[in-house]
Amino acid sequence: FRHLRELYLLDPSQREFASLRRLWDVDSAAQPLIAGILAFTRDCILRASFAAIQQASPGEIVSSVDLTKAVTAVYGADLSESTLGKIGRNTGACWTQTGHLAGRTKKVRQAVEAFPAAVAYAAYLGHLAGKRGIGVLDAPWAELLELTAARALDALRRAHTQGLIDLLVAG
């Protein structure tokens, strides 16, 4: 458990985890995506596997081989063959939990719903990373929300309407 706490920053004194805990009970449907966002910020293997998710359109099958190839493209020979085999299965399970994939044996790409609590969490992490304005969603972990530039402001407005973030828009 100590390794998981360190890897995924499961420490209430850390702002990233404290904000996750604050948003956790807001919407139970958003919980898997919120947890996935934190994992994505901390886990370089999970981040590398996301390329396979991004390349697939909704309805396409994403195999563990696809996920392994995405990780191999980043890490090449740094990982053993047995580790790469586990990576494909484990990252597939993670992406299934976040809602990006569906299915038990055949993983099918799904469109993700950008729940306001998940948008607020991604925006907060963007703020911690020094982003401001609409740029709070211009970060790698915000890509998990699958928001187009046109939908990003609307998603922030919905999070604001629910009282999850402060949003001021001028212009």
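Residues numbered from 1 in each chain as written. Predicted model: local features only at pLDDT ≥ 70, side-chain atom pairs only at ≥ 80, totals over all residues. Heavy atoms only, no water.

Observations concerning the overall build of the protein chain
Threshold: Secondary structure elements follow DSSP: runs of H or I of four or more residues count as helices, runs of E of two or more count as strands, with numbering from the N terminus. Here the radius of gyration uses the C-alpha set of atoms, whereas the globule reference equals 2.2 Å times the residue count to the power 0.38. Burial here depends on accessible area, computed with a 1.4 Å probe over protein chains only, as a share of the maximum for the residue type. Under 20% is buried, over 50% is exposed, and the range in between is partly exposed. By the convention used here, residues are in contact when the closest approach between their heavy atoms is within 4.5 Å. Areas reported as accessible are Shrake-Rupley estimates using a 1.4 Å probe. Residue values count occlusion only from the protein chains shown. Charge counting follows a simple rule: Lys and Arg are positive, Asp and Glu are negative, and His as well as the terminal groups are ignored. The atoms used to mark charge sites are NZ of Lys, CZ of Arg, CG of Asp and CD of Glu.
Along its length, the protein chain carries eight helices and two strands. Across the protein chain, helices and strands are ordered from the amino to the carboxyl terminus as α-α-α-α-α-α-β-β-α-α. A globule of 171 residues ought to have a C-alpha radius of gyration of about 16 Å, and the protein chain, at 16 Å, matches this closely. If one aligns the C-alpha atoms of the protein chain with their principal axes, the spans along those axes are about 50 × 40 × 25 Å. Classification of the 171 residues of the protein chain by burial places 40% in the buried group. In the protein chain, 58% of the contacts between residues at least 6 apart in sequence involve partners at least 24 apart. When the accessible surface of the protein chain is split by element, carbon and sulfur atoms take 53% of a total near 9,500 Å². Charged side chains of the protein chain number 19 positive and 16 negative; the gap between the two group centres comes to 3 Å.

Thoughts on the layout of surface pockets
Worth spelling out the cut-off: In this analysis, the protein atoms alone were mapped onto a 1 Å grid. Cavities are point sets where a 1.4 Å probe fits without being able to get out; pockets are open sets with protein on both sides within 12 Å along at least five of seven lines; lining residues have an atom within 4 Å of a point. Grid points are joined across faces, edges and corners, and a volume is the space filled by probe spheres set on the points.
Taken as a whole, the largest pocket spans an internal volume of roughly 410 Å³. Considering the residues around the largest pocket, the lining is formed by 21 residues, among which Ala123, His127, Val136, Ile165 and Asp166 are closest to the centre. For the lining of the largest pocket, the secondary structure elements donating two or more residues are helix 2 (15-24), helix 7 (116-128) and helix 8 (149-161). Looking at which element gives the most residues to the lining of the largest pocket, the answer is helix 7, with five residues. Quantified by volume, the second largest pocket comes out at close to 330 Å³. As for the second largest pocket, its lining consists of 15 residues, of which Tyr8, Ala35, Gly36, Ala39 and Gln97 are closest to the centre. Going through the elements one at a time, helix 2, helix 3 (31-42) and helix 6 (81-98) are the ones with two or more residues in the lining of the second largest pocket. Take the lining of the second largest pocket: its biggest share by element is six residues, from helix 3.

Details of the state of the cysteines
Just so we agree on the cut-off: Cysteine sulfur pairs qualify as disulfides if the two atoms are within 2.5 Å.
Applying the stated rule across the entire model yields zero disulfides. Between Cys44, a free cysteine, and Cys94, which holds the nearest cysteine sulfur, the sulfur-to-sulfur gap is 13 Å.

A word on the pattern of salt bridges
Selection rule: By definition here, a salt bridge exists when the distance from a side-chain nitrogen of Lys or Arg to a carboxyl oxygen of Asp or Glu is within 4 Å.
Enumeration according to the criterion identifies one salt bridge in this entry. One salt bridge connects Arg109 with Glu146, and the closest N-O pair in it is separated by 2.2 Å. Placement of Arg109 in strand 2 (residues 108-109) and of Glu146 in the loop between helix 7 and helix 8 is noted, with a sequence separation of 37 residues between them.

A look at the environment of Arg158
Here Arg158 shows up in helix 8. Each C-alpha atom, one on Arg158 and one on Ile61, is 31 Å from the other, the two residues being 97 residues apart in sequence. Apart from residues lying up to four places away in sequence, Arg158 is in contact with Ala114 and Pro116.

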